[in-house]
Amino acid sequence: MRVTLIKPTLGRLAEGPFVDDARMEPLQLGVLAGLTPPGVEVSLLDDRIDPIDYDDPTDLVGITVESFTASRAYEIAAEFRARGVRVVIGGMHATLIPDEVAEHADSVFTGDAETLWARVVADAHDGRLRPRYDASPGPPQPGVLPRRDLFAGKGYLPLTLLQFGRGCRYRCEYCAVGQYFAHHAYVRPVEEVVAEIRAQPRRDLFFVDDNLIADPEAAKGLLRALIPLGVRWVSQSSIDQAGDPELMDLLVASGCLGNVIGFESLDPENLRQMRKGPNLAAFDGYATAVATIRDHGLQTWAAFVLGYDHETPESVAATCEWAIDQRFTFGAFNVLMPYPGTPLYRRLEAEGRLLYDGRWWLHPAYRFNYAAFTPARMSADELTEATWACRRRWSSPSSVVRRALDLRTNMSSPTRFLLYCMYNPLYRREALKRQGMRLGLR
């Protein structure tokens, strides 16, 4: 039996298909391949770089889909199904909105693959693939290593992706992750993570956890185990890391270069509306937290959600200037997105504020990084333009130079400065290239 696993691309630029030059390994498909029973031939197609030969023989196609890649995922599924090949679709979007996905697949997989994927493969082999499989969330990869051999030759960034845990205990209104994992965090045994690190050659790692410190004590156990390994790593974390001195010291000792941190907004009213609990605790405009992170020499990948009800074009611009003043290493300025199945989506739907017929991810007029709802204090177009201006300003030469000249973070070591110089131009190109891109290739 042959199984083909596919990661869809985002969409199409005016000059042709989008090629992601900052692409990272599709860890989820490597894990899925590792979960596949012995004796089954597995191939991986990354639509961001690989051409798809729909006539190449295969028995089962598995597609992982997020809301932004749903349009392209359905296009791929249709081509295979037209040739009589069975298609199963899973991932975040499939779990949040399975009924829609069922219109485009022979089978829908909701939840985590660890407990049921082997059954899916067996059922497909026996000709009794079920229309739906509902798996419970849980700890990642119990006793399973990803098939990293499938990543070879695909031009991924030279970082090894791996995971310690999944989920997050917080209840942010806009967050699809919270809905997916029912506001719970699951972690792997530390010894399994250490064994996976030792089983691959790189020492530059990216933990893809939604929030590495969602379980602070478990995270500390991981960090202690990383210290003797001599690795360098980054992950995603919440701002409350700065309030735990022991955790901060362990981050440094374990080889952490810095973390992606969701600041989201500088306005406490916006933070209250989005239910961003860790950001509101002892809120002082993030002055204490940022100073603590800088004192430890950690770089910051700052993320912001723009468009909550107290947002204005002026506050978006002020947010960008504040981030530049803090000399953050990287910055992500994202239009607030109403993902299906989230409390935000339901609220905006009830208020009649959703645009694009409430299904922006499939609407032919929607473009990447456009506002998909009507904001409270500006128009949707004004929010789109304010965010776009913010991205341009952040990536301007003056901003890049000013942020680089921080002796305590970006210039605190040759490694950190090289990281800054290598990836800022790359992410600038990718952010500017994606703006206004059409989702899907048709």
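Going by the structure above, here's the rest.
The paragraphs below set out a description of the structure included in this document. (Residues numbered from 1 in each chain as written. Predicted model: local features only at pLDDT ≥ 70, side-chain atom pairs only at ≥ 80, totals over all residues. Heavy atoms only, no water.)

1. Focus: the packing of aromatic side chains
Within this structure, the stated rule accounts for 26 aromatic pairs. Ring centres of F263 and F304 lie 5.9 Å apart, and the angle between their planes is 25°; on these two criteria the pair is classed as stacked. With F263 in strand β14 (residues 256-264) and F304 in strand β15 (residues 299-306), this pair connects stretches of sequence that are 41 residues apart. On the basis of relative accessibility, which here comes to 0%, the residue F263 falls in the buried class. A residue is classified by how much of its surface remains accessible, and F304, at 0% relative accessible area, is buried. The interplanar angle of 55° and the centroid separation of 5.4 Å between the aromatic rings of W360 and Y366 together place this pair among those described as tilted. On the accessibility criterion, W360 (1% relative accessible area) is buried. (Phe/Tyr/Trp six-rings, centres within 6.5 Å; stacked < 30°, edge-to-face > 60°. Helix = DSSP H or I, 4+ residues; strand = E, 2+ residues; numbered from the N terminus. Buried < 20%, exposed > 50% of the residue type's maximum accessible area, 1.4 Å probe, protein only.)

2. Overview of a nonpolar patch on the surface
Together, V401, L405, L407, M411 and F417 line one region of the surface with nonpolar side chains, adding up to about 470 Å² of accessible area. In this structure, M411 sits in the loop between α16 (397-404) and α17 (414-434). (Patch = residues over 30% accessible without salt bridge, like charges linked within 9 Å, V, L, I, M, F, W, Y side chains within 5 Å. Areas by Shrake-Rupley, 256 points an atom, 1.4 Å probe, with all protein chains shown as cover. Salt bridge = Lys/Arg side-chain N within 4 Å of Asp/Glu carboxyl O.)

3. Here we look at the nonpolar core
Judged by nonpolar contacts, the single largest core of 96 residues is most densely connected at F207, W233 and F263. By residue number, the principal contributor to this core is helix α2 (residues 70-82), which donates 6 residues. Excluding residues within four positions of it along the chain, F263 makes contact with I239, L271, N279, Y286, V290, T300, A302, A303, F304, W322 and F328. Counting residues in hydrophobic clusters, the runner-up holds 39 residues, among them A22, A135, L159 and W301. (Core = buried A, V, L, I, M, F, W, Y, C linked by side-chain atoms within 4.5 Å. Contact = heavy atoms within 4.5 Å.)

4. Thoughts on the side chain of S71
Position of S71 relative to the elements: it lies in helix α2. Assessed through its relative accessible area of 14%, S71 is described here as buried. Residue contacts for S71: discarding those within four places in its chain leaves W361, L362, L439 and G440.

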